[in-house]
Amino acid sequence: MQIDKTDARILERLQADSRITNSELSEYIGMSTSPCWRRVKQLEEAQVIKGYGVLIDRKKIGLGVMVFIRVSIDSHSEKEARKFEEEVIALEHVVACYSIGGDADFLLQVVSPDLDTYAEFSMSVIRRLPGIKEMQSMFVLKEIKPFLSFPVRSQR
């Protein structure tokens, strides 16, 4: 799907406030409500918009520690990688996982209430995942620019 300037403005606004009404969105975009609603529906159907959510302050819900873990696995067979991915997806405290290039195979983003809980989780759960060869934890000291939204540009 090609993203035009109107789609880009819709996406930017919805990322900033997904609770905005169609009426408010159409006014912001400068179009009537029906065409605006159809545009949003097209973006949803094309899976450009995958869902709607809310941003939560992790510290206020008791998740004071954030860690990025670089993981290398023993085997690079598709079966082994898929097994590792399936196990990671099931872990509640792993909030994101990426297959990466370079000197590691995966990058996990993990949240935890405190360092002791993280230490227990990393030693008894992460280290026991299938095929783990090496892992390195990188602790977040300060969030400078947490993820809030993607930059959206018109493609036509």
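Here, the structure is the one placed above.
Small disclaimer: the values here were computed from a predicted structure and weren't measured.

For the rest of this paragraph, the subject is helix H1 (residues 5–16). With 12 residues, H1 extends 17 Å from end C-alpha to end C-alpha; this agrees with the ideal 16 Å at 1.5 Å per step. Among the residues of H1, those classed as buried are Asp7, Ala8, Ile10, Leu11 and Leu14. In a view along the axis of H1, the buried residues occupy a sector of 160 degrees, so they form one face of it. Along H1, the residues that are exposed and aim more than 90 degrees away from the buried face are Lys5 and Ala16. Looking at the buried positions of H1, the neighbouring elements they touch are helix H2 (22–29) and helix H3 (33–45). For H1, the N-terminal capping position is held by aspartate 4, with its side-chain oxygen 3.1 Å away from the main-chain nitrogen of threonine 6.

This paragraph deals with the nonpolar core. Counting 19 residues, the largest nonpolar core has Ile69, Val71, Phe84, Val94, Leu108 and Ile126 as its most contacted members. Put simply, the parts of the chain that give this core at least two residues each are strand S1 (65–73), helix H4 (78–89), strand S3 (106–112), helix H5 (115–124) and strand S4 (132–139). Residues within four places of leucine 108 in sequence aside, it is in contact with Val67, Phe68, Ile69, Val71, Phe84, Val88, Val94, Ala96, Cys97 and Ile126. Counting residues in each nonpolar core, the second largest holds 13 residues, with Leu14, Ile29, Val40 and Val152 among its members.

Attention now moves to the pattern of salt bridges. Evaluation of the coordinates by the stated rule reveals eight salt bridges. The shortest N-O distance in the salt bridge between arginine 153 and glutamate 12 comes to 3.6 Å. Here arginine 153, found in the segment after S4, pairs with glutamate 12, found in helix H1; they are 141 residues apart in sequence, far enough to count as distant. Arginine 153 gets classed as exposed once you look at its relative accessible area, which sits at 59%. For glutamate 12, a relative accessible area of 33% puts it in the partly exposed group. Across the salt bridge formed by glutamate 78 and arginine 82, the nearest N and O atoms sit 3.2 Å from each other. Of this pair, glutamate 78 and arginine 82 both sit in helix H4, four residues apart, which is roughly one turn of that helix.

The rules behind the values
- Residues numbered from 1 in each chain as written.
- Predicted model: local features only at pLDDT ≥ 70, side-chain atom pairs only at ≥ 80, totals over all residues.
- Heavy atoms only, no water.
- Helix = DSSP H or I, 4+ residues; strand = E, 2+ residues; numbered from the N terminus.
- Expected span 1.5 Å × (residues − 1).
- Buried < 20%, exposed > 50% of the residue type's maximum accessible area, 1.4 Å probe, protein only.
- Arc of directions from axis to C-beta.
- Contact = heavy atoms within 4.5 Å.
- Polar contact = N/O pair within 3.5 Å; in protein donor to acceptor, adjacent residues only side chain to side chain.
- Core = buried A, V, L, I, M, F, W, Y, C linked by side-chain atoms within 4.5 Å.
- Salt bridge = Lys/Arg side-chain N within 4 Å of Asp/Glu carboxyl O.

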